[in-house]
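Listed here are the chains, written in short residue letters.
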Amino acid sequence: MIAVVTILMAFSLGFFLKSHLAANVAYAIAYLWAFTYQTLYLMLDSIANPGSKSAAFSPDEFPWSYGAVALTIFGVGFGLVAAGRLVRQRRLVSAK
């Protein structure tokens, strides 16, 4: 879910919003909403099925890999916001 939010929103926010700060804040809010929802969904599934192979988390260990992947996706999103802004600026310059 966080990857989908990143792909759908980050570039377009960078492209369509004039303010770089506003684009980054809007992306961060959308990402963090999706991150919270996704984490809760996965945690509830892991608690309901503690021995299941399909559970995302194991109750006896801290999910470092999940945190690393989520942080990487968050960083890539900020890169996409910057790329969207760069594309917008180049289109404005070439249109003149």
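A few points on the structure.

Cut-offs and rules
Residues numbered from 1 in each chain as written. Predicted model: local features only at pLDDT ≥ 70, side-chain atom pairs only at ≥ 80, totals over all residues. Heavy atoms only, no water. Axes fitted to C-alpha atoms, helices over the stretch in contact; angles between N-to-C directions. Helix = DSSP H or I, 4+ residues; strand = E, 2+ residues; numbered from the N terminus. Parallel < 35°, antiparallel > 145°, perpendicular 65-115°, else oblique. Left-handed = near helix turned anticlockwise from the far one by under 90°. Contact = heavy atoms within 4.5 Å. Nonpolar A, V, L, I, M, F, W, Y, C, P; charged D, E, K, R; others polar. Phe/Tyr/Trp six-rings, centres within 6.5 Å; stacked < 30°, edge-to-face > 60°. Buried < 20%, exposed > 50% of the residue type's maximum accessible area, 1.4 Å probe, protein only.

For any two helices packed against each other, the geometry comes down to the angle between their axes and how far apart the axes lie. Direction vectors running N to C along helix α1 (residues 2-16) and helix α3 (residues 64-95) enclose 25 degrees, while the axes themselves pass 6 Å from each other. Regarding the angle of α1 to α3, the classification is roughly parallel. For the crossing formed where α1 meets α3, the hand is right-handed. Every residue of α3 that contacts α1 at Ile2, Ala3, Thr6, Ala10, Phe11, Gly14, Phe15 and Phe16 is listed here: Ala70, Ile73, Gly77, Leu80, Val81, Ala83, Gly84, Arg85, Val87, Arg88 and Arg91. Taken together, the residues of the contact of α1 with α3 break down into 12 nonpolar, four polar and three charged.

Counting across every chain of the model gives 11 aromatic pairs. Between Tyr27 and Phe78, the aromatic rings sit 5.2 Å apart at their centres with planes inclined by 85 degrees, giving edge-to-face as the arrangement. With Tyr27 in helix α2 (residues 20-48) and Phe78 in helix α3, this residue pair connects regions lying 51 residues apart in the sequence. A ring pair is formed by Phe35 and Tyr66, whose centres lie 6.0 Å apart and whose planes are at 15 degrees; its orientation type is stacked. Of this pair, Phe35 sits in helix α2 while Tyr66 sits in helix α3, and the two are 31 residues apart along the sequence. Relative accessible area serves as the criterion here: at 27%, Phe35 is assigned to the partly exposed category. An aromatic cluster of at least three residues, connected via ring pairs, comprises Tyr27, Tyr31, Phe35, Tyr66, Phe74 and Phe78.

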